[in-house]
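Here's the letter readout for the chains.
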Amino acid sequence: RQAGIKAEGVERDNRIVKYAKGMGLSVTAADALEFLSQSRTNYDGIYCSHFIEHLPVDAVQRVLQLAAARLDQDGILVLVFPDPESIRSQLLGFWRDPEHVRFYHPDLITLMATSVGFELEWSSYNEQPHTVIPFAAEPPPIEANAIVPALSFAADTLKLSIGERLLRIIGLVTEKRFRALEVQLVGWGGELSRYVQQRAEVDRLLEERTNTLWSLNQTWSWNDNVTLRLRKKLDAND
């Protein structure tokens, strides 16, 4: 009504009907399937929110058939229902309602709607890809010494003779010591190179763990509900 759309509602609970009419809304007290089967009015669009999960499969097929019959050519059917791939819906909400019959996957509803003359125009499920990845109950271990490996070298490990000590005081070294330090430096470089490679591998493993954990955590952000916008094909039979 606020959008300038002439609409009417259907509700089987007389208390809700009374409340809605008290707000000035046009609402009929009836079963939705009976209302659609008896109606002779054609509609530009039908909005059906959190209804099909209360119905068995044959009744859902009937809803789709009746909606197709009551829609004008090129009319729109919008369905909203719980996403069966939502963890929150599965664990926290769906089964609190004693009238819920089962989850319906959007692919199944789309297929059923296509069989009676609809085509999928938009799906919130497709807008939010659901990536499911395998994961172990416990992450593979990373060796403790692989995280911070012990380095065997120190700043100066070569013993100095008395002469070498005197030369060191004035900032000089013998060629023998210079060569020994050079060999030691090469050794340190090799050890540091191994450490860097080891550190890179540990970082890679930790990144894999983080990415897996993040992907699993994202499953909690999946929408609780699916919205499908279905359009009646121009050549569909009433």
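First, a word on scope: everything that follows refers to the structure included in this document.

Conventions and cut-offs
Residues numbered from 1 in each chain as written. Predicted model: local features only at pLDDT ≥ 70, side-chain atom pairs only at ≥ 80, totals over all residues. Heavy atoms only, no water. Patch = residues over 30% accessible without salt bridge, like charges linked within 9 Å, V, L, I, M, F, W, Y side chains within 5 Å. Areas by Shrake-Rupley, 256 points an atom, 1.4 Å probe, with all protein chains shown as cover. Salt bridge = Lys/Arg side-chain N within 4 Å of Asp/Glu carboxyl O. Helix = DSSP H or I, 4+ residues; strand = E, 2+ residues; numbered from the N terminus. Core = buried A, V, L, I, M, F, W, Y, C linked by side-chain atoms within 4.5 Å. Buried < 20%, exposed > 50% of the residue type's maximum accessible area, 1.4 Å probe, protein only. Phe/Tyr/Trp six-rings, centres within 6.5 Å; stacked < 30°, edge-to-face > 60°. Lys NZ or Arg CZ within 6 Å of the ring centre and 35° of its normal. Pairing = 2+ DSSP bridges. Axes fitted to C-alpha atoms, helices over the stretch in contact; angles between N-to-C directions. Contact = heavy atoms within 4.5 Å.

1. Some thoughts on a nonpolar patch on the surface
On the surface, Ile162, Leu166, Ile169, Ile170 and Leu172 cluster together to form a nonpolar patch covering roughly 580 Å² of accessible area. Within the fold, Ile162 resides in helix 8 (residues 162-169).

2. So, the nonpolar core
Of all hydrophobic cores here, the largest spans 29 residues; its most connected members are Val60, Leu64, Leu77, Leu79, Ile109 and Phe118. Put simply, the parts of the chain that give this core at least two residues each are helix 2 (32-38), strand 3 (43-49), helix 3 (57-70), strand 4 (71-82), helix 5 (106-115) and strand 6 (225-232). The element that contributes the greatest number of residues to this core is helix 3, accounting for seven residues.

3. Quick look at the packing of aromatic side chains
Summed over all chains, the structure comprises three aromatic pairs. Here Phe94 and Trp95 contribute two aromatic rings whose centre-to-centre distance is 4.6 Å and whose plane-to-plane angle is 85 degrees, an arrangement assigned as edge-to-face. Residue Trp95 is classed as exposed on the basis of its relative accessible area, which comes to 52%. Ring geometry for Phe94 versus Phe103: centroids 3.9 Å apart, planes at 25 degrees, classification stacked. The exposure classification of Phe94 matches that of Phe103, with both residues buried. The rings of Phe94, Trp95 and Phe103 are connected pair by pair, giving a single aromatic cluster. Arg102 extends its terminal NZ or CZ atom over the ring of Tyr104, reaching a point 4.3 Å from the ring centre.

4. Notes on the environment of Ser39
Of note, Ser39 is situated in the loop between helix 2 and strand 3. Owing to a relative accessible area of 8%, Ser39 belongs among the buried residues under this scheme.

5. Quick look at the pattern of salt bridges
Per the counting criterion, the structure on display carries 10 salt bridges. For Asp13, the salt bridge goes to Arg15, with nearest N and O atoms at 3.1 Å. With relative accessibility at 66%, the residue Arg15 sits in the exposed group. For Glu182, the salt bridge is made with Arg179, and the minimal N-O distance between the two is 3.3 Å. In this pair, Glu182 and Arg179 are both assigned in helix 9 (residues 175-218), three residues apart and thus about one turn of the helix distant. Look at Arg179 and you get partly exposed, because its relative accessible area is 43%.

6. Thoughts on the sheet that holds strand 3
Strands sit in the order 3-4-6-5 across an open sheet of four strands; the sheet is mixed. Of all the strands in the sheet, just strand 3 and strand 5 (118-123) have a single pairing partner and so form its edges. Taken over all neighbouring pairs, the strand axes of this sheet differ in orientation by 20 degrees on average, direction set aside. Pairing geometry for strand 4 and strand 6, over seven bridges, is antiparallel. By the bridge assignment for strand 6, Val78 is matched with Arg229. Each of strand 4, strand 5 and strand 6 touches helix 5; the most contacted strand, strand 6, lies at about 15 degrees to it.

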